[in-house]
Amino acid sequence: MYSNEDRQLAKKILEFSCELEKGQNVMLQLVGLNGIGLLRALVEYAREMDANPYVQIEDTEIRRMLVETGDKEFWKGQTENDQLPLMKKMDAFVGIRAALNIYEQADVSKEANKIYADHFVDPVHYKERVNNTNWVVLRYPSEAFAMNAKMPTQRFREFYYKACLLDYTELADAMKPLQARLEETDMIRLEGEGTDIEFLVKDQTWVPCFGKRNIPDGELFSSPILSSVNGHITYAPSVYQGKPFEYVKLEVRDGVVIDSDSSNNEALEEILDTDAGARQFGEFSFGLNPIIDEPMYDILFDEKIYGSNHLTLGNDYEIAPNGNESNIHWDLVCIGADVYLDGEKIREGRKFITDDLEGLNPENLLND
């Protein structure tokens with residue numbers, strides 16, 4: 001029916017991440033048919049908790065067909081007649097991303113993606129689900145996912161559950177000294193190969209992430225002062241809107257991308273031209289999961305790589321705002337840059353070097 005690991009993961013998701021209570025409504029959304037075992041475990045555990053699961057199963061090819069063909073009126077109908085009223089009744093949301101082909105939407109046009117984002121994703125997910133439910137999103141392991149991670153299938157499954165079932169309470173405690181430092185910081189600078197960029201974060205809100213919104217988790221995020229970002233940055237491999245990028249390089253002046261280069265410049269320009277906010281930054285974060293060490297073309301994992309940072313193009317989060325509005329939110333990841341807080345180096349490459357932050361290094365978090 002389902003594995004013991006999926007039972008453990010379902011328990012962590014509903015009890016720890018969603019903090020689900022008796023009588024509450026939870027939407028369980030499976031995108032792609034691969035994760036049916038975890039969905040079964042979630043449904044069974046939700047009923048054991050006397051909660052009310054609302055189940056959605058989406059085939060990724062059907063979703064692509066709808067995004068390709070849906071116009072404004074179609075998506076407004078989907079939003080107003082179905083998904084938004086239902087989402088407003090939810091106390092919690094679990095999104096399982098179980099596509100076998102991460103490039104399924106690679107050929108969907110910029111215009112179609114924008115219509116879908118404007119009239120469905122934004123009102124249903126960004127405005128309602130993100131702001132008004134206890135939500136968590138995760139990927140599910142598969143042979144295709146293992147291939148992107150360049151691992152044998154069984155080793156990848158072991159890695160996956162180890163990363164997802166991390167002791168997030170211990171990680172949360174280890175984050176506290178870094179959060180305290182950042183709350184007193186004015187200027188952050190990243191310096192590394194192909195990267196030399198700085199920005200202000202004075203008086204910005206810092207949010208620790210330890211299994212409440214993503215599984216796997218492990219990040220500490222805020223947003224830069226919008227017009228303060230200056231310099232250049234080089235990012236690791238990424239996939240966005242089904243389009244792969246082996247690298248992305250950005251040149252930034254006064255908070256706006258003025259020049260760029262990548263392995264797929266035509267697709268990059270389309271993304272940057274989405275709207276004015278797509279050339280500005282809505283988030284900055286530290287990746288802190290001690291299990292995740294290399295990119296695997298999946299942002300829910302890659303943004304948590306220890307010794308990494310993501311300086312995100314596009315929309316900010318309402319919980320840590322900087323005023324940037326966009327229909328994109330692209331968590332591009334920079335790995336191994338030295339980090340300076342108000343001129344003091346706190347991380348050299350991927351290793352924290354100050355006494356108060358050494359607890360975040362993998363050898364200290366995984367000393368069991």
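For the structure, see preceding data.
Along every chain, residues carry numbers that run from 1 in the direction the sequence is written. For a predicted model such as this one, the threshold for reporting local features is a pLDDT of at least 70, and the threshold for listing and counting side-chain atom pairs is 80 or more; totals across whole chains, interfaces and linings nevertheless cover every residue. Hydrogen atoms and water are omitted, and side-chain values are computed over all heavy atoms in the structure.

Undergrad: Teacher, can you tell me more about the layout of surface pockets here?
TA: The method is simple in principle: a probe with the dimensions of a water molecule rolls over the atoms, and the space it marks as empty is what remains. Buriedness for pockets is judged along seven lines, at least five of which must meet protein on both sides within 12 Å for an open set on the 1 Å grid over protein atoms alone, while cavities are sets there where a 1.4 Å probe fits but cannot get out, and lining residues have an atom within 4 Å of a point. Grid points are joined across faces, edges and corners, and a volume is the space filled by probe spheres set on the points. Taken as a whole, the second largest pocket encloses approximately 410 Å³ of empty space. Taken together, 17 residues make up the lining of the second largest pocket; nearest its centre are Asp122, Tyr126, Lys127, Asn315 and Asp316. Think of it this way: any DSSP run of H or I at least four residues long counts as a helix, any run of E at least two long counts as a strand, and we number them from the N terminus. Sort the elements by how many residues they give to the lining of the second largest pocket and helix α5 (residues 110–132) lands first, with 6 residues. Residue classes in the lining of the second largest pocket are distributed as 4 nonpolar, 7 polar and 6 charged. Just so you know the grouping, Ala, Val, Leu, Ile, Met, Phe, Trp, Tyr, Cys and Pro go in nonpolar, Asp, Glu, Lys and Arg go in charged, and all remaining residues, Gly too, go in polar.

Undergrad: Would you explain the pairing of strand β9 (residues 219–222) in this entry?
TA: Two faces, one strand: in a regular strand the side chains alternate between the faces of the sheet. Burial along β9 is two-sided: Glu219 and Phe221 facing one way and Leu220 and Ser222 facing the other are all buried. Strands were regarded as paired on the criterion that DSSP finds at least two bridges between them. With 3 bridges connecting them, strand β7 (residues 207–209) and β9 associate as antiparallel partners. The residue bridging Val207 from the neighbouring strand is Phe221, located in β9. Partly exposed residues are those whose accessible area sits between 20% and 50% of the maximum for their type, while under 20% is buried and over 50% is exposed, using a 1.4 Å probe and protein chains only.

Undergrad: Would you take a moment to explain empty space enclosed by the protein for this structure?
TA: Taken as a whole and assessed by the stated rule, the structure comprises 2 cavities of 30 Å³ or more. Empty space within the largest cavity amounts to approximately 60 Å³. Every residue lining the largest cavity is listed: Ala236, Pro237, Ser238, Val239, Tyr297, Asp298, Ile299, Asp302, Asp331, Leu332 and Val333. For the lining of the largest cavity, the elements supplying multiple residues, two or more each, are β11 (238–240) and α10 (299–302). For the lining of the largest cavity, the residue count by class is 7 nonpolar, 1 polar and 3 charged. Approximately 30 Å³ is the volume found for the second largest cavity.

Undergrad: Which parts of the structure should I look at to understand the packing of aromatic side chains?
TA: Pairing of aromatic rings covers Phe, Tyr and Trp, the last counted by its six-membered ring, and requires centre-to-centre distances within 6.5 Å; plane angles under 30 degrees mean stacked, over 60 mean edge-to-face, and any other angle means tilted. Summed over the entire model, instances satisfying the criterion amount to 20 aromatic pairs. Ring centres of Phe74 and Trp75 lie 4.9 Å apart, and the angle between their planes is 80 degrees; this geometry places the pair in the edge-to-face category. Judged by its relative accessible area of 29%, Phe74 falls in the partly exposed class. Given the relative accessible area of 4%, Trp75 is considered buried. The interplanar angle of 90 degrees and the centroid separation of 5.4 Å between the aromatic rings of Phe145 and Phe301 together place this pair among those described as edge-to-face.

Undergrad: What is the right way to read the sheet that holds strand β21 (residues 351–352) from this model?
TA: Strands in a sheet are paired, the pairing made by backbone hydrogen bonds, and the direction either parallel or antiparallel. With respect to topology, 8 strands assemble into an open sheet ordered β14-β13-β10-β6-β5-β19-β20-β21, the strand pairing being antiparallel. Each having just a single partner strand, β14 (256–262) and β21 make up the two edges of the open sheet. When strand β5 (residues 187–192) meets strand β19 (residues 338–341), the two strands line up antiparallel, connected through 4 bridges. Its bridge partner lying in β19, Glu191 is registered against Asp338.

Undergrad: Help me understand the nonpolar core, please; the structure alone is not making it clear to me.
TA: Burial of nonpolar side chains together is a common tendency in soluble globular proteins. The term nonpolar core refers to a set of buried residues drawn from Ala, Val, Leu, Ile, Met, Phe, Trp, Tyr and Cys, joined through side-chain atoms within 4.5 Å. Within the largest apolar cluster, 86 residues are counted, with the highest numbers of intra-cluster contacts made by Ile13, Val94, Ile96, Leu178 and Ile188. Discounting residues that sit within four places of it in the chain, Val94 has contacts with Ile13, Leu14, Cys18, Val26, Met27, Leu28, Gln29, Leu42, Val136 and Leu138. Within the second largest apolar cluster, 16 residues are counted, among which are Leu84, Tyr116, Val121 and Leu300. It only takes one pair of heavy atoms within 4.5 Å for two residues to be counted as in contact.

Undergrad: Sorry if this is basic, but what is going on with the side chain of Asp122 here?
TA: In this fold, Asp122 is placed in helix α5. For Asp122, a relative accessible area of 18% translates into the label buried. Those residues in contact with Asp122 that lie beyond four places of it in its chain are Ala117 and Lys127.

Undergrad: I tried to follow the packing of helix α3 (residues 60–69) against α5 on my own but got confused; where do I start?
TA: When two helices pack together, you describe them by how their axes are tilted relative to each other and by the distance separating the axes. At a minimum axis separation of 8 Å, α3 and α5 run at an interaxial angle of 100 degrees. Relative to α5, α3 is oriented roughly perpendicular. Of α5, the residues touching α3 (which contributes Arg63, Val67 and Glu68) are Ala112, Asn113 and Tyr116. Of the residues belonging to the contact of α3 with α5, the class tally is 3 nonpolar, 1 polar and 2 charged. Interaxial angles span 0 to 180 degrees and are taken between N-to-C directions of axes, which are lines fitted to C-alpha atoms, for helices over the stretch in contact. In this scheme, roughly parallel covers angles under 35 degrees and roughly antiparallel covers those over 145, while 65 to 115 is roughly perpendicular and the rest are oblique.

Undergrad: Help me out: how do you make sense of a nonpolar patch on the surface in this one?
TA: Residues Leu33, Val55 and Ile57 make up a contiguous nonpolar surface patch of about 280 Å² in total accessible area. Along the chain, Ile57 falls in strand β2 (residues 52–58). What goes into a patch is any residue over 30% in relative accessible area without a salt bridge, connected to like charges within 9 Å or, for nonpolar side chains (Val, Leu, Ile, Met, Phe, Trp, Tyr), within 5 Å. For every accessible area listed, the method is Shrake-Rupley and the probe measures 1.4 Å; residues are considered covered only by the protein chains on display. When a carboxyl oxygen of Asp or Glu lies within 4 Å of a side-chain nitrogen of Lys or Arg, that pair is called a salt bridge.

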